[in-house]
Amino acid sequence: MSMDASRLASAAAEAYATQAKPPLTEELVAKVRDALLAAIAETGAAGETGRIERLNAALDAFETDLDAVVGPRIASLDETSAAVTTRHRSEAGQPLRAFGGQ
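Structure report, in brief. (Residues numbered from 1 in each chain as written. Predicted model: local features only at pLDDT ≥ 70, side-chain atom pairs only at ≥ 80, totals over all residues. Heavy atoms only, no water.)

## Focus on the overall build of the chain
A tally of helices and strands in the chain yields three helices and four strands. Intrachain contacts of the chain at a sequence separation of at least 6 include 52% that bridge at least 24 residues. (Helix = DSSP H or I, 4+ residues; strand = E, 2+ residues; numbered from the N terminus. Contact = heavy atoms within 4.5 Å.)

## Quick look at the nonpolar core
Grouped together as the largest cluster of nonpolar side chains are 25 residues, with contacts concentrated most on Tyr 16, Leu 24, Val 32, Leu 36, Leu 55 and Phe 62. Mapped onto this core, the elements with two or more residues apiece are α1 (3-19), α2 (26-41), α3 (47-66) and β1 (73-77). Looking at this core element by element, the count peaks at eight residues for α1. (Core = buried A, V, L, I, M, F, W, Y, C linked by side-chain atoms within 4.5 Å. Buried < 20%, exposed > 50% of the residue type's maximum accessible area, 1.4 Å probe, protein only.)

## Focus: the environment of Glu 53
With respect to the element layout, Glu 53 can be found in helix α3. Assessed through its relative accessible area of 52%, Glu 53 is described here as exposed. Taking the C-alpha atoms as reference points, Glu 53 and Ala 39, 14 residues apart in sequence, are found 9.2 Å from one another.

## Remarks on α3
If you check α3, its first and last C-alpha atoms are 29 Å apart, about what 20 residues at 1.5 Å a residue would give, namely 28 Å. Within α3, the full set of buried residues consists of Gly 50, Arg 51, Ile 52, Arg 54, Leu 55, Asn 56, Ala 58, Leu 59, Phe 62 and Glu 63. (Expected span 1.5 Å × (residues − 1).)

Everything listed here is a matter of geometry and, on its own, says nothing about what the molecule does.
Following this line, the structure appears as structure tokens:
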């Protein structure tokens, strides 16, 4: 695994954790980081769009597995600077909330 992949996974995990509800423990942040690193390492989908889709699928799986947290999805990831922008998933213009309901 390259240092760049690790750096990108860490940046994406931190961006997610910053806005996740309820706040994530360090253990959960590490779990998200590992899931995102595995998604970056996957082959098959080329380009930034494919990578973002894999990262967001990993976040979906993390939330489904935990069934107690919601957070944003990755909108863009700059490989050079490791800058991450996120967007909230929403219904009726409001961010989703953990523990069900709007």
